Amino acid sequence: MSISVEAHFAQQLASNLPKFREKALKKIGIWFQKVSVTSTALDEEILLRIWKGLYYYFWHCDKMLVQEEKADVISQYIHVFKSVKYSFLYLDTFLKTIAREWHDIDKFRLDKFLMLVRRFLHQGYQLLKNLKWEVKYIKAFVKTLKNTVLSPSSESVPLGLKIHISEIYMEELAKVGADEVTSKILLQFLLPYCRVLCYCDDPSLLNSVSKDVFLYLINQDADEDEFEELPVLQFKPTAVQKLLMKFANIPNIRRSNLKVIHTIIKEFENYKNGVNKYEQFMAKQYPNCDLKKRDIEKAALDLFKEETKGVKKMKGII
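Residues numbered from 1 in each chain as written. Predicted model: local features only at pLDDT ≥ 70, side-chain atom pairs only at ≥ 80, totals over all residues. Heavy atoms only, no water.

A. Examining empty space enclosed by the protein more closely. Enumeration over the complete set of coordinates arrives at 1 cavity of 30 Å³ or more. Looking at the largest cavity, its volume works out to about 40 Å³. Leu-91, Leu-95, Leu-121, Leu-145 and Ile-165 are the residues that line the largest cavity. For the lining of the largest cavity, the per-class residue count stands at 5 nonpolar, no polar and no charged. (1 Å grid on protein atoms, 1.4 Å probe; cavity = no way out; pocket = protein on both sides within 12 Å on 5 of 7 lines; lining within 4 Å. Points joined across faces, edges and corners; volume = space filled by probe spheres on them. Nonpolar A, V, L, I, M, F, W, Y, C, P; charged D, E, K, R; others polar.)

B. Just the pattern of salt bridges, in detail. According to the stated counting rule, one finds 17 salt bridges in the structure shown. Between Lys-70 and Glu-22 there is a salt bridge, with its nearest N and O atoms 3.0 Å apart. Taken together, the residues Lys-70 in helix H4 (residues 64-76) and Glu-22 in helix H2 (residues 18-35) connect sequence positions 48 residues apart. Exposure remark for Glu-22: the relative accessible area of 27% places this residue in the partly exposed category. (Salt bridge = Lys/Arg side-chain N within 4 Å of Asp/Glu carboxyl O. Helix = DSSP H or I, 4+ residues; strand = E, 2+ residues; numbered from the N terminus. Buried < 20%, exposed > 50% of the residue type's maximum accessible area, 1.4 Å probe, protein only.)

C. The state of the cysteines, seen in detail. Under the defined criterion, the tally for this structure stands at 0 disulfides. The closest cysteine sulfur to the non-disulfide-bonded Cys-194 is located on Cys-198, 7.0 Å from its own sulfur. (Disulfide = S-S within 2.5 Å.)

D. Region of the structure containing the nonpolar core. With 98 residues, the main nonpolar core has Tyr-90, Phe-141, Tyr-169, Phe-189 and Phe-214 as its most contacted residues. Those residues in contact with Phe-189 that sit more than four places away from it in its chain are Tyr-125, Leu-128, Trp-133, Ile-138, Phe-141, Tyr-169 and Leu-173. (Core = buried A, V, L, I, M, F, W, Y, C linked by side-chain atoms within 4.5 Å. Contact = heavy atoms within 4.5 Å.)

E. Spotlight on the environment of Tyr-57. Tracing the chain through its elements places Tyr-57 in helix H3 (residues 44-60). The spatial distance from the C-alpha of Tyr-57 to the C-alpha of Gln-11 is 9.8 Å, given a sequence separation of 46 residues. Excluding residues that lie within four positions of it along the chain, Tyr-57 makes contacts with Leu-13, Arg-21, Glu-22, Leu-25, Lys-70 and Ile-74.

F. Structural context of the packing of helix H5 (residues 84-101) against helix H7 (residues 135-146). Orientation of H5 relative to H7, taken along the N-to-C sense of each, is 20°, at an axis distance of 9 Å. Between H5 and H7, the interaxial angle falls into the category roughly parallel. Between H5 and H7 lies a crossing whose hand is right-handed. Touching Val-84, Phe-88, Leu-91, Asp-92 and Leu-95 of H5 are Tyr-137, Ala-140, Phe-141, Thr-144 and Leu-145, all from H7. Among the residues making up the contact of H5 with H7, the classes are represented as 8 nonpolar, 1 polar and 1 charged. (Axes fitted to C-alpha atoms, helices over the stretch in contact; angles between N-to-C directions. Parallel < 35°, antiparallel > 145°, perpendicular 65-115°, else oblique. Left-handed = near helix turned anticlockwise from the far one by under 90°.)

G. Highlighting the packing of aromatic side chains. Within the structure shown, the criterion is met by 23 aromatic pairs. With 5.4 Å between their ring centres and 65° between their planes, Phe-32 and Tyr-90 make a pair best called edge-to-face. In this pair, Phe-32 sits in helix H2 while Tyr-90 sits in helix H5, placing the two residues 58 residues apart along the sequence. For the pair Phe-32 and Tyr-90, a shared accessibility class is recorded, and that class is buried. With 5.4 Å between their ring centres and 50° between their planes, Phe-81 and Tyr-90 make a pair best called tilted. Grouping residues by exposure puts Phe-81 and Tyr-90 together as buried. (Phe/Tyr/Trp six-rings, centres within 6.5 Å; stacked < 30°, edge-to-face > 60°.)

H. Region of interest: H5. With 18 residues, H5 extends 26 Å from end C-alpha to end C-alpha; this agrees with the ideal 26 Å at 1.5 Å per step. Taken across its 18 residues, H5 has 14 buried, putting it largely inside the fold. (Expected span 1.5 Å × (residues − 1).)

I. Geometry of unusual backbone geometry. A positive phi angle, close to 65°, is found at Lys-132, a residue other than glycine. Among the secondary structure elements, Lys-132 is positioned in the loop between helix H6 (110-130) and H7. Of the residues examined, Lys-132 reaches a relative accessible area of 66% and is grouped as exposed. For Trp-133, which is not a glycine, the phi torsion comes out positive at approximately 55°. You can see Trp-133 is positioned in the loop between H6 and H7. A relative accessible area of 5% places Trp-133 in the buried class.

J. View of the environment of Arg-118. Mapped onto the elements of the fold, Arg-118 is located in helix H6. The exposure class assigned to Arg-118 is partly exposed, which follows from its relative accessible area of 23%. Beyond its immediate chain neighbours, meaning those up to four positions away, Arg-118 contacts His-164, Ile-168, Glu-171, Glu-172 and Lys-175.

K. Spatial organisation of the confidence of the model for the protein. Across the protein, the average pLDDT comes to 88, with 83% of residues at 70 or higher. Element-level mean pLDDT values for the protein span from 53 in helix H11 (residues 224-227) up to 98 in H6. (pLDDT = per-residue confidence, 0-100.)

L. Highlighting the packing of helix H9 (residues 183-199) against helix H13 (residues 255-272). Closest axis-to-axis distance for the H9/H13 pair is 7 Å, and the angle between their directions is 135°. Here H13 runs oblique to H9, going by the angle between their axes. In contact with Val-196, Leu-197, Cys-198 and Tyr-199 of H9, H13 contributes Asn-257, Val-260, Ile-261 and Ile-264. Of the residues assigned to the contact of H9 with H13, the class counts are 7 nonpolar, 1 polar and no charged.

Listed below in structure tokens is the structure:
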């Protein structure tokens, strides 16, 4: 009895024998390229079957360097399809597979699958870069994510996966598109998370979206330890505020969600007014201390000079 091509690939990719798995991985990329020429040869059902095999292929990858290499190979297959709609379908079926299998991933394999998700998001942005950041393709990309990891519903996709995506969403976008993504284009990437802010009922996800998506923008040049190696995304604070206010005016929005949105808007207003987060923290910790910004800067400079002297003395001793 003959089996379908996708079933054959799935069996080979999930094989216990490494030589069969590696051979299938090489062939699958060529097959993707050939079969995506016609409009009827690929569909969601076929790709989900193949992803069953790819998932178990990656499950078998044990050594870290091997995991990174294979994650690159698998995620970069998003670029081999002759039609961009199949590229998005490849991403969509990957996310649906990860969401389906999420609770069966043990703690020893979780990190490598998180890394695979990161590589896929990165390659998704790279695909948009290759397509010149055209809005119609950005909308198609965002729609793909909204079907799974950007859905406000807390039941459709595991919470841990959603939070992981929100944590890396802006970071990977900055790596790929900081030089090309304009402040206007950036709003397209923020739109789906505005919906999450409006309709999500999970405090953990709301907190992550607030901190890692929206406040990420105003913290890019504030937290040097976290952002020093990342390029900075262009954005206009007022435009982001207007976008958030538009969603804040949606009827019947929960009071808790509205509070989160207004807090983000206020943070952007503080950013526009030059309010320093460190000074705010110091003011709360030491309410009776009347230190001005110049006093803090002078103290920091004095401390730096003293530390420099100490280093020179140590060098003289050594």
